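# Results of the structural survey
Chain residues, written in single-letter form:
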Amino acid sequence: MDKIDAVIAYVDCSDRAWQQEYNKHVSIPYNPVRFRSWDTVRYILRGIDTYMPWINNVYLIVMSETQIPKYVDTSKVKIVYHKNFMPESQLPCFSSNPIEAYLWNIPGLSEKFVYFNDDMIPIAMSDVDDFFTVDGKARCTQRINHNPEIKNVFHQIRKNCTEVAFRAAGLHYNGTDVISQRHGPQAMLRSYCEECFDKAQNEIESGLTMVRASSNICQYVYTNYMLLKHMTDCSEKLMSLKYVDFKKYTVEQVADAIVNPTEKFICINDTKDVGDHYEEYRATITAAFDMLYPNKSKYEK
């Protein structure tokens, strides 16, 4: 079986060193909803250990040494600093979008890999077939939306990723369609990411910024390119994913979805709807994950 790695992007805005670096380079106060940690990396690692035993290496992307969670065993998890795979011109970086633009450049990364944001956690057994087909294609999580309304920065970034991917693939773009993805772990093919970057480097890099902006692209440009190059399989199952936020779900419902899973993965999207309940909600979610995963993983000290 081909080796398949996992890549996890992580940031913790409670880290004093990170705050100082941010304040030195950015005049706009950081938004805690975008950067605060729910300590979910611990449970992603436990989920990979328990429910994704076919994963080869686990890479954890962080800005600096102070960002590494204290419980992570760095002899078992490959720590990748931004400076290890991103050009100096894109540093420092306080947005996931430039990070995702260079995922393919992580030293030693396998051709097939699964990319996690730190709000995506395995909660039941999965296998390779959930992400890759036997003929080497990635499982598709995309759909094409015709002339959707662009309501916010994220919607514009998604449109940017569609437009750049079409041009990189040598296809006509009608200017209105937008390819959207489910917000969950993404199956990716390193060589196709690099191929897309090589074809669209100027467009990709010229739109990147230190903090999130409407000119950005994200990793969706690569999954879109894979789709347009017929390297994704859209004929069968969608990813088994439970997507929750605190606008549509109570914290008790989210906890129940963790303890009594009906899907293989859960994405807990942090939003402004958490309000002043962050510490309370985090404690409830942590308790639920501790019930699901009472034991340390091989990736923890």
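Quick caveat: nothing in here was measured; it's all calculated off a predicted structure. (Residues numbered from 1 in each chain as written. Predicted model: local features only at pLDDT ≥ 70, side-chain atom pairs only at ≥ 80, totals over all residues. Heavy atoms only, no water.)

### Some remarks on unusual backbone geometry
Of all residues except glycine, most have a negative phi; of all peptide bonds, most are trans. For the bond running from Leu 91 to Pro 92, omega is -5°, close enough to zero to count as cis. Within the fold, Pro 92 resides in the loop between α4 (82-85) and α5 (96-101). Residues other than glycine seldom take positive phi values, yet Asp 39 does so here, at roughly 60°. Its place among the elements puts Asp 39 in the loop between α2 (32-35) and α3 (41-51). Overall, Asp 39 belongs to the buried group, its relative accessible area being 15%. With a phi close to 55°, Asn 147 is a non-glycine residue in the positive phi region. Structurally, Asn 147 can be placed in the loop between β7 (142-145) and α6 (153-168). With relative accessibility at 56%, the residue Asn 147 sits in the exposed group. (Helix = DSSP H or I, 4+ residues; strand = E, 2+ residues; numbered from the N terminus. Buried < 20%, exposed > 50% of the residue type's maximum accessible area, 1.4 Å probe, protein only.)

### Topic: the packing of aromatic side chains
Any two aromatic rings considered together are summarised by their centre-to-centre distance and by the angle between their planes. This structure, assessed with the given rule, holds 15 aromatic pairs. When the ring of Trp 18 is compared with that of Tyr 22, the centres are 5.4 Å apart and the planes differ by 25°; the resulting orientation is stacked. Here the residue Trp 18 and the residue Tyr 22 both occupy positions in helix α1 (residues 16-25), the gap between them amounting to four residues, near one helical turn. Note on accessibility: Trp 18 and Tyr 22 belong to one class, buried. A centroid spacing of 5.8 Å and a plane angle of 80° characterise the contact between Trp 18 and Phe 94, whose relative ring orientation is edge-to-face. Of the two residues, Trp 18 is situated in helix α1 and Phe 94 in the loop between α4 and α5; the sequence distance between them amounts to 76 residues. (Phe/Tyr/Trp six-rings, centres within 6.5 Å; stacked < 30°, edge-to-face > 60°.)

### Description of the environment of Val 221
With respect to the element layout, Val 221 can be found in helix α8 (residues 220-228). We classify Val 221 as buried; its relative accessible area is 0%. Counting along the chain gives 34 residues from Val 221 to Ala 255, while the straight-line C-alpha distance between them is 33 Å.

### Examining the side chain of Asp 130
In this structure, Asp 130 sits in the loop between β5 (120-122) and β6 (138-139). On the basis of relative accessible area, Asp 130 is assigned to the buried category, the value being 11%. Within the local environment of Asp 130, its side chain forms a polar contact with the backbone nitrogen of Asp 127, the two atoms lying 2.8 Å apart. (Polar contact = N/O pair within 3.5 Å; in protein donor to acceptor, adjacent residues only side chain to side chain.)

### Side note on the environment of Glu 300
Topologically, Glu 300 is positioned in the segment after α10 (278-292). Put simply, Glu 300 and Pro 69 are 231 residues apart on the chain and 9.7 Å apart in space, counted from C-alpha to C-alpha. Once residues within four sequence positions are removed from consideration, Glu 300 is found in contact with Arg 42, Arg 46, Tyr 71 and Asp 73. Polar contacts involving the side chain of Glu 300 include one to the side chain of Arg 46, which spans 2.7 Å. Engagement of the side chain of Glu 300 in a polar contact is seen with the backbone nitrogen of Ser 297, the distance being 2.8 Å. (Contact = heavy atoms within 4.5 Å.)

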